[in-house]
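# Notes for the structure review
Residues per chain are reported as follows:
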Amino acid sequence: MARKRLVVGNWKSYIESPSEAHALALALRRKARALPGVEVWLAPPYPLLPAVAEVLESSPIKVGAQALSASPGGKHTGEVSANMLKQVGAQFALVGHSERRAQGEGDEQVRAQLLQALQAKLTAVLCVGEHERLQDGSHFSFIERQLVVALDALPPKAKVIVAYEPVWAIGKSAEEAMQPQDLEQMAIFIRKTLVETLDRSAGLKIPILYGGSVESANTHALLIGGGVNGFLVGHASVEAEPFLEIIKACK
Ligand code: PGA
């Protein structure tokens, strides 16, 4: 069965002002209606999330968070809980992004965040990715561990998406991104791991996204040759036109 393609824009900390966030959300809301067949989700920084959710309230574009706390609300200074996010309009949350893991978030903490997201009825977009590719193929076992620790024994209906984001390919240009044939190999491996870790039909249903220097120049080739269901886009998602080009290429 053909899945609707999904393009998630991860604004990271690129957008800092409410007016900039408002203008971008508005531009995407106007244009996204004309792009059926592709789902578009946006992950603005925390303080901008409620305003972006408001702009997109009656549009098909969903809004979510770039991260969340591994704990429920309580004595956790500076933490943002899943329930808080839900109440300000988030519908999903990224968990385990490599830029968060680089701050010390380990596999167990990522699992705890994922469980918090699911408990609050947020879709969890689980990010996994190796730091480098070695001749011995050890990046496959690295990805397997990240997936298994996060997903082991989840209920079959848990709303999870996997975003494969090799760390070495993030924040560069389309020429330096992953090649479609390498992505396809990894997408097959991730699918196999999902089927083995979860119940078979759940493992087959989970969308797999690719992230890491997705730009309009490489979108089509990665989509057709890479065997993925969509993309997690960073730097190319923070201006309307380049992001819309990527969305169009997914139609
Ligand atoms: P990039 O970031 O598209 O700028 O490489 C992707 C990501 O880190 O989510």
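The sections below set out a description of the structure shown in this document. Keep in mind that what you see is a predicted model, and the values were worked out from it rather than measured. (Residues numbered from 1 in each chain as written. Predicted model: local features only at pLDDT ≥ 70, side-chain atom pairs only at ≥ 80, totals over all residues. Heavy atoms only, no water.)

## Considerations on the environment of A236
Take A236: it is sitting in the loop between β8 (230-233) and α10 (240-249). What makes A236 buried here is its relative accessible area of 8%. Spatially, the C-alpha atom of A236 lies 32 Å from that of S71, the residues being 165 residues apart in sequence. Residues in contact with A236, not counting those within four places in the same chain, are V214, E215, P242, F243 and I246. (Helix = DSSP H or I, 4+ residues; strand = E, 2+ residues; numbered from the N terminus. Buried < 20%, exposed > 50% of the residue type's maximum accessible area, 1.4 Å probe, protein only. Contact = heavy atoms within 4.5 Å.)

## Regarding the site of the ligand
Neighbouring the ligand are N10, K12, H97, E165, I170, G171, G212, S213, L232, V233, G234 and H235. The separation between an oxygen atom of the ligand and a polar side-chain atom of N10 is 3.3 Å. The separation between an oxygen atom of the ligand and a polar side-chain atom of H97 is 2.8 Å. Here the residues of the shell around the ligand are counted per class, giving 3 nonpolar, 7 polar and 2 charged. (Near = heavy atom within 4 Å. Polar contact = N/O pair within 3.5 Å; in protein donor to acceptor, adjacent residues only side chain to side chain. Nonpolar A, V, L, I, M, F, W, Y, C, P; charged D, E, K, R; others polar.)

## Describing the pattern of salt bridges
In the structure shown here, the tally under the stated rule is 8 salt bridges. One salt bridge in this structure joins K12 and E99, with 2.9 Å as the shortest N-O distance. With K12 in the loop between β1 (5-10) and α1 (18-32) and E99 in helix α4 (residues 98-101), this residue pair connects regions lying 87 residues apart in the sequence. A relative accessible area of 38% means that E99 is categorised as partly exposed. One salt-bridge network, held together by shared partners, links R101, D107 and R145. (Salt bridge = Lys/Arg side-chain N within 4 Å of Asp/Glu carboxyl O.)

## Thoughts on helix α7 (residues 180-197)
Between its first and last C-alpha atoms α7 spans 25 Å; for 18 residues at 1.5 Å apiece the expected length is 26 Å, and the two agree. If you check which residues of α7 are buried, you get P180, L183, M186, A187, F189, I190, R191, T193, L194, V195 and T197. Against α6 (138-151), β6 (160-164), α8 (200-205), β7 (208-211) and α9 (216-226) lie the buried residues of α7. (Expected span 1.5 Å × (residues − 1).)

## Thoughts on the packing of aromatic side chains
The final tally for this structure, using the stated rule, is 3 aromatic pairs. A ring pair is formed by Y164 and Y210, whose centres lie 6.4 Å apart and whose planes are at 50 degrees; its orientation type is tilted. Note that Y164 is positioned in strand β6 and Y210 in strand β7, a separation of 46 residues in sequence. One exposure class covers both Y164 and Y210, and it is buried. (Phe/Tyr/Trp six-rings, centres within 6.5 Å; stacked < 30°, edge-to-face > 60°.)

## Some remarks on the pairing of strand β2 (residues 38-43)
Burial analysis of β2 places 5 of its 6 residues in the buried class, which makes it a mostly covered element. Pairing geometry for β1 and β2, over 6 bridges, is parallel. Pairing of N10 across the sheet is with A43, part of β2. Once you follow β1 into α1 and on to β2, the crossover reads as right-handed. Relative to strand β3 (residues 62-65), β2 is paired through 2 bridges, and the arrangement is parallel. Looking at β3, one finds that L42 is bridged to V63. For the handedness criterion, the β-α-β arrangement of β2, helix α2 (residues 49-55) and β3 is classed as right-handed. (Pairing = 2+ DSSP bridges. Right-handed = clockwise from strand over helix to strand, strands pointing away.)

## Here we look at helix α5 (residues 107-119)
For α5, spanning 13 residues, the distance from its first C-alpha to its last is 18 Å, which sits close to the expected 18 Å at 1.5 Å a residue. For α5, the set of buried residues is D107, V110, R111, Q113, L114, Q116, A117 and L118. Contacts made by the buried residues of α5 are with α3 (82-87), β4 (92-95), α4, β5 (123-128), α6 and β6. Positive backbone phi, at 65 degrees, marks K121, one or two positions downstream of α5.

## So, the pairing of β4
Residue alternation in β4 divides its side chains into two sets, F92 and L94 and A93 and V95, and both sets are buried. As paired strands, β3 and β4 are joined by 2 bridges and run parallel to one another. Opposite G64, over in β4, you have F92 as the bridge partner.

Purely geometric numbers; function is a separate question.
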